[in-house]
Amino acid sequence: MRFYESETKKLIARHGVGVPKSGVARTPADAERLAGELGAPVVLKAQMLAYGKARSDTVRTAATPADAAKVAAELLALDDGGRKPAGVLVEKRPAATGEWSLAFTYDGTAKKPVMIGAAEPGNVEDIADRDPSKVVRRHFSALVPFSDYLAKEMVVALGAKSPDVPKMTAAVSRLAQLFLRYDLTQLDVFSLGRLEDGSFVAIDARSDMEVEGRPRQKAILAELGIAEDDRRLVREPTPFEIEAAKIDAEDPRGVAGPVVEFDGNIGLVIGAGGGSLTLTDAVRRVGGRPANYAALGGNPSVRKAQRLTKLILSKPGVKQIAVMSNVVSNTRADLVARGVIKGVIEAGLDPAKTIAIFRVPGAWEADAAKILEKYGVEYCDRTVSISEAAKRAVDKIGR
Amino acid sequence: MAMFIRVDVDQAVIRKTPGLAAKLAESCPVKIFKAAGDGVDLVEDALDECTLCDLCMQASPEGVKVVKLYEG
């Protein structure tokens, strides 16, 4: 889940790293008052979850309090994935005598957290795309406490000179610690600025928290005023997605979600051990257009699989589904087969024509194969790779 | 209407054993059995949820038989 910049900065300040003086304006009048209190000129940033907008659209400057009110009115009218922005962050931008960029995230290949930095402000990913030699990386552990030594190594590698090293090391170390403490998946400090007095300030920042971390992070979420039902999605859920969430919530057995709606023609009933992402990618790689993303697993009941299947088939343009998963262990292939076939029949369709592929290898696969055979559906076991299964599905359903 | 599982119950056997109906209702993880006096009723909607755990057949080998409709 995504934090607004104002919230990210509260987290950063809570851990002893400086942030610019600021306030959140909900109205143009608020912005005018804040600009007066902070002292114009000020920077105004629309508080948005959808980052896709050009930065120039969402971050503006105002020379006077009256300007701030005018700019705030424009920013508050922007579209944020079907919502209005959650206010405007009004900041007094400090004068930095040096700027660095930092990012903390997970390296999926090394399976470790990693901090990435460059000796210039901006998005580290963009800097790396332009000139990889400018970017410094250091992995660290999610299991053992973060060591200041790693931060110092990073700071020195970023070219900081000796008077700056202790304070910058402290800032980097605190940022790494808050990244771990709050289950963040991403913490970007686009500008870590050194001020005239030698202190360091996170001037522009954003962060994302692991959704699964929410139950552990109730205290800090409450402190930030984030309600339990505030899902922080990049866009508002569609009726299809709301119905899928209802199916999942109404039956405690197994998991049918998250389900995300796309514009494609291939209904996906997929899951198991990270299989959903791999399978969605596999379908796309061979030119397929998924109608949805789904994650069916955790040994769902027959009814849950049935309702999810029926829902996916109710989507306009979806005539066939691909039922695919990684090798299942606790999820039972036969119960998924029962649910999917019931869902297809309840939708008034023929399983043999509607299920383009059924590749759910693992627990109780022999029974799954018998069930499918009875309804004229071929069962694919683990000898059919995920890539091959995706290709067969796309070949049958069409690109 | 169940499509995959049928459960055959011999009510005479169930009634003969005191407490067996309640045991079947309690042991089934997907609530297929509902105690009705000394016997049991079957919950039609739950039949296809059967996980083939065999607990019912272990409780009454003579009185309950679970049949996979997709076999044979």
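Analysis parameters
Residues numbered from 1 in each chain as written. Chains lettered and ligands numbered in written order. Predicted model: local features only at pLDDT ≥ 70, side-chain atom pairs only at ≥ 80, totals over all residues. Heavy atoms only, no water. Salt bridge = Lys/Arg side-chain N within 4 Å of Asp/Glu carboxyl O. Helix = DSSP H or I, 4+ residues; strand = E, 2+ residues; numbered from the N terminus. Buried < 20%, exposed > 50% of the residue type's maximum accessible area, 1.4 Å probe, protein only. Lys, Arg positive; Asp, Glu negative; His and termini not counted. Polar contact = N/O pair within 3.5 Å; in protein donor to acceptor, adjacent residues only side chain to side chain. Contact = heavy atoms within 4.5 Å. Domains from an automatic or database assignment. Buried area = accessible area lost by both parts, 1.4 Å probe.

(A) Fine view of the pattern of salt bridges. According to the stated counting rule, one finds 37 salt bridges over all chains in the structure shown. Between A:R93 and A:D204 there is a salt bridge, with the nearest N and O atoms lying 3.3 Å from each other. With A:R93 in the loop between β4 (88-91) and β5 (96-107) and A:D204 in strand β9 (residues 200-209), this residue pair connects regions lying 111 residues apart in the sequence. Put simply, B:E49 and A:R253 hold a salt bridge, and the shortest N to O gap is 4.0 Å. Highlighted residues: B:E49 in the loop between β3 (39-42) and α3 (55-59) and A:R253 in the loop between α9 (239-250) and β10 (255-256), drawn from two different chains. Owing to a relative accessible area of 7%, B:E49 belongs among the buried residues under this scheme.

(B) Focus on the side chain of A:D251. Residue and element names in this part refer to chain A. Along the chain, the position of D251 falls in the loop between α9 and β10. No salt bridge forms around the buried D251; measuring N to O, its nearest opposite-charge neighbour K304 is 5.0 Å away. Within polar-contact distance, the side chain of D251 engages the backbone nitrogen of R253 at 3.0 Å. D251 has contacts with S301, R303 and K304, leaving out every residue within four places of it along the chain.

(C) Inspection of the domain arrangement of chain A at higher detail. Entries for chain A in the domain assignment read domain 1 (21-91), domain 2 (98-223) and domain 3 (239-397). A separation of 39 Å is found between the C-alpha centroids of domain 2 of chain A and domain 3 of chain A.

(D) Examining the interface of chain B and chain A more closely. The partner chain A presents 17 residues to the 16 residues of chain B that form the contact. Between chain B and chain A the total buried area reaches about 1,400 Å² when both faces are included, carbon and sulfur atoms providing 50% of it. The three residues of chain B that bury the most area against chain A are B:F4, B:E49 and B:Y70, which together make up 44% of that side's buried surface. Seen at the junction of chain B and chain A, the total is 11 residue pairs in polar contact (both at pLDDT 80 or more).

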